[in-house]
Protein chains: 2
Amino acid sequence: MRWAVLLAGGSGTRFWPLSTPQTPKQLLPLSGAGSTAEEAVERLTGLIPRERVLVVAGEAVAPRLRALLKLPADNFLIEPRAASTAPALIWATWEARRRDADAEVLSLHADWAVGDAAAFRRTADTALVTARAHDRLVTVGVVPSRPETGYGYIVPGAPLDGAARTVARFSEKPDAATALDLMAAGALWNSGLFAWTARRLLEEVSRHTPEVAGALPRLEAGDVPGFFRSVTAISIDVGLLERSDAVAVVSGAFAWDDVGTWQALARVRPKDPSGNVLVGAGVLQESHDCIVWSERDPVVLCGVKDLVVVQANGRILVMPTERAADMKQLLDALPAEVRDIGT
Amino acid sequence: MRWAVLLAGGSGTRFWPLSTPQTPKQLLPLSGAGSTAEEAVERLTGLIPRERVLVVAGEAVAPRLRALLKLPADNFLIEPRAASTAPALIWATWEARRRDADAEVLSLHADWAVGDAAAFRRTADTALVTARAHDRLVTVGVVPSRPETGYGYIVPGAPLDGAARTVARFSEKPDAATALDLMAAGALWNSGLFAWTARRLLEEVSRHTPEVAGALPRLEAGDVPGFFRSVTAISIDVGLLERSDAVAVVSGAFAWDDVGTWQALARVRPKDPSGNVLVGAGVLQESHDCIVWSERDPVVLCGVKDLVVVQANGRILVMPTERAADMKQLLDALPAEVRDIGT
């Protein structure tokens, strides 16, 4: 049967001061009325039933996730520590197979904004069908809409059938010129939407991913903490997909965004005629291309442009939109009593 | 005896959202630890005793003024309506003479920042001495430190003695080129610091200011509301000083600012090495020449310049410092529920 594995970790710094370790971005209504995590589960409707959606997350976010996502209690897989995506996906895939020997797994992230849920489901369905038909690990490559330097790219290789191709190579976070070249050459964004049969995934892990494979007996013994103590933190891309020759790619033609910075709201939220995004109360006079998010106080802008202005959790942030990607450095330089929220 | 008349009206729009009709700028600690109104009374210490400081203000600000300024209760003269400076000063001067037939009056405003209180007192003393010695209405002209277009200028005329000169003419709010010419020609800022004997002021009013003189019998009859109903709103400059030939000017060499906009805080407040003014909690990273005032939430700026950022009274304002002078137009365009505070 089909299972979904929703990766819902994340440290909660990108959308400071709105996001916190207890409420990282996937729990926030960044792209619309609900959180991106809720939207991710909702988006699977008709493709994978809720009782077969597994969620992997850390202890800090678990209470809010359990409250938001109406899923069976034992579908929440709580990581004892964050160890990147390979241990999380391998554990969850192993768990799906424990419950269902013939499990097929669709892996996705809880922090995406997707423009066309039906197209997303059609592509995910194709990926799952391809995974079984060709016995491969299938990546979904999203047709790029801009030469984004913050994403990874997949360069497709030879056709496998009408929908799927092999993967020639991966290119992670290219510089701007390389990103333009990749786009021109037909490369696709590596979305993190993957499909595989549990059996095939675990075979490939045994072959290519010693950082995790050596810890699999701990899972067999029911010792999840021991598994996480034994693994090396590594991403599924670096630890497996870039090493395996059993990878395929199907392309997806839907708007997809990982909503990585405040600036991303300008892509996933409605804008006023001056290009501003306003969430909360505010009046934007003679101002353009600003991102304004206020939890409480009305925000009045007058005569400014290209600014992020946020009030949340008792902090006010003002920065140029082009600096939104530097959030980590900004936070590192803040005194703890300003930076740390709710501690 | 010497009396002071402190004009403490003002509608409370210049420092929105910090200032309100109930707490206009003269009641706010804009230039330092105390309000400018408190500082104005304190600055008179040794020159005019508190029991002879009269305060003219409207009903809206009266409760806060009474609480802040420790003055005799009947020294607060509450205007039934705002009618510019001529009716206020003429009423207060009339009141000083009622209490003291030989009253000398020093008129000043409650919203000034003054850099050197001792120099201020010496100049005020000179103005009062000049007013009696030459039987004139004496203006204090402040030596300009910049070609400010928001102030009025006094062009001095012939010397009356070592300290005082006649007034050749007034020039109100010149354009930038004219302001430069005025500065070069030795013109002085018209500070609003005036000195006169009550007798002489009322004589000149009878001669030159029909807009108010006709209402003086109402004051004689003890009918202050009737006086204010009968007068025409007009400034003391336009209604009297520009008309009279019994005016003199003494120059004052102290830093003086009417703290007219948020931008003025950069002149009257200490700045960090990057030229920022921060009042309240905040962290200003890679930011320069900003004015930040926060009543509650820490403000984090990163990579911005020349911005005013204010949180006060449940509103957040972000505008370029150069737009601070346009506050009235900004407020006119705001919806009432955002603009009106505490109503």
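Quick caveat: nothing in here was measured; it's all calculated off a predicted structure.

A. The arrangement of the pairing of strand 10 (residues 247–252) of chain A in detail. Residues and elements named next belong to chain A. Taking burial as the measure, the 6 residues of strand 10 include 5 buried ones, the bulk of the element. Inspection of the sheet shows strand 6 (residues 137–142) paired to strand 10 by 6 bridges, in the parallel sense. Bridge pairing in strand 10 places Val142 opposite Gly252. Bridge count for strand 8 (residues 164–172) against strand 10 is 3 bridges, and the pairing is antiparallel. Looking at strand 10, one finds that Ala164 is bridged to Val250.

B. Focus on the sheet that holds strand 13 (residues 282–285) of chain B. Pairing in this open sheet of 6 strands is mixed, and the strands run 12(A)-14(A)-16(A)-17(A)-15(B)-13(B) from one edge to the other. Each edge of the open sheet is held by one strand with a lone partner, namely strand 12 (277–279) of chain A together with strand 13 of chain B. Each strand axis lies, on average, 5 degrees off the axis of its neighbour in the sheet, ignoring direction. Note: strand 13 of chain B against strand 15 (residues 299–302) of chain B, 4 bridges, orientation parallel. Pairing of B:Gln285 across the sheet is with B:Cys302, part of strand 15 of chain B.

C. Looking closely at the environment of B:Val338. Its location among the elements puts B:Val338 in helix 13 (residues 336–339). Each C-alpha atom of the pair B:Val338 and B:Arg315 lies 7.7 Å from the other, and the pair is 23 residues apart in sequence. Discounting residues that sit within four places of it in the chain, B:Val338 has contacts with A:Val283, A:Pro298, A:Val300, B:Trp16 and B:Arg315.

D. Geometry of the packing of helix 3 (residues 85–99) of chain A against helix 6 (residues 198–208) of chain A. All names here are of chain A. Following both chains from N to C, one finds helix 3 and helix 6 inclined at 135 degrees, their axes separated by 9 Å at the closest point. The angle between the axes of helix 3 and helix 6 places the two elements in the oblique class. Crossing of helix 3 against helix 6: the hand is left-handed. Contacts between helix 3 and helix 6 involve Ile90, Thr93, Trp94 and Arg97 on the former and, on the latter, Ala198, Arg199, Leu201, Leu202 and Val205.

E. Region of interest: the packing of aromatic side chains. Residue and element names in this part refer to chain A. Under the counting rule described, the total for this entry stands at 20 aromatic pairs over all chains. With a centroid separation of 4.9 Å and an interplanar angle of 80 degrees, the aromatic rings of Tyr151 and Trp189 are classed as edge-to-face. Highlighted residues: Tyr151 in the loop between strand 6 and strand 7 (152–159) and Trp189 in strand 9 (residues 188–197), separated in sequence by 38 residues. The class of Tyr151 is buried, set by a relative accessible area of 5%. Aromatic pair Phe194 and Trp196: ring centres 5.9 Å apart, planes at 20 degrees, arrangement stacked. The pair formed by Phe194 and Trp196 is uniform in burial state, with each residue classed as buried. One aromatic cluster in this structure is built from Trp112, Tyr151, Trp189 and Trp256. The side chain of Arg43 reaches across the aromatic face of Phe120, ending 5.5 Å from its centre.

F. Focus on the relation of the copies chain B and chain A. Aligned on chain A, chain B shows an RMSD of 0.1 Å; the corresponding rotation is 180 degrees and the shift along the axis is 0.1 Å. Here the copies are linked by what is in effect a two-fold axis. Here 100% of the contact residues of chain B are again contact residues in chain A; the copies associate through an equivalent surface.

G. Focus on the side chain of B:Ser171. Residues and elements named next belong to chain B. Mapped onto the elements, Ser171 comes out in strand 8 (residues 164–172). In this structure Ser171 comes out as buried when scored by relative accessible area, which is 12%. Once you skip the residues sitting within four places of it in the chain, Ser171 turns out to touch Tyr151, Gly152, Tyr153 and Leu182.

Conventions and cut-offs
Residues numbered from 1 in each chain as written. Chains lettered and ligands numbered in written order. Predicted model: local features only at pLDDT ≥ 70, side-chain atom pairs only at ≥ 80, totals over all residues. Heavy atoms only, no water. Buried < 20%, exposed > 50% of the residue type's maximum accessible area, 1.4 Å probe, protein only. Helix = DSSP H or I, 4+ residues; strand = E, 2+ residues; numbered from the N terminus. Pairing = 2+ DSSP bridges. Axes fitted to C-alpha atoms, helices over the stretch in contact; angles between N-to-C directions. Contact = heavy atoms within 4.5 Å. Parallel < 35°, antiparallel > 145°, perpendicular 65-115°, else oblique. Left-handed = near helix turned anticlockwise from the far one by under 90°. Phe/Tyr/Trp six-rings, centres within 6.5 Å; stacked < 30°, edge-to-face > 60°. Lys NZ or Arg CZ within 6 Å of the ring centre and 35° of its normal. Least-squares fit on C-alpha atoms with pLDDT ≥ 70 in both.

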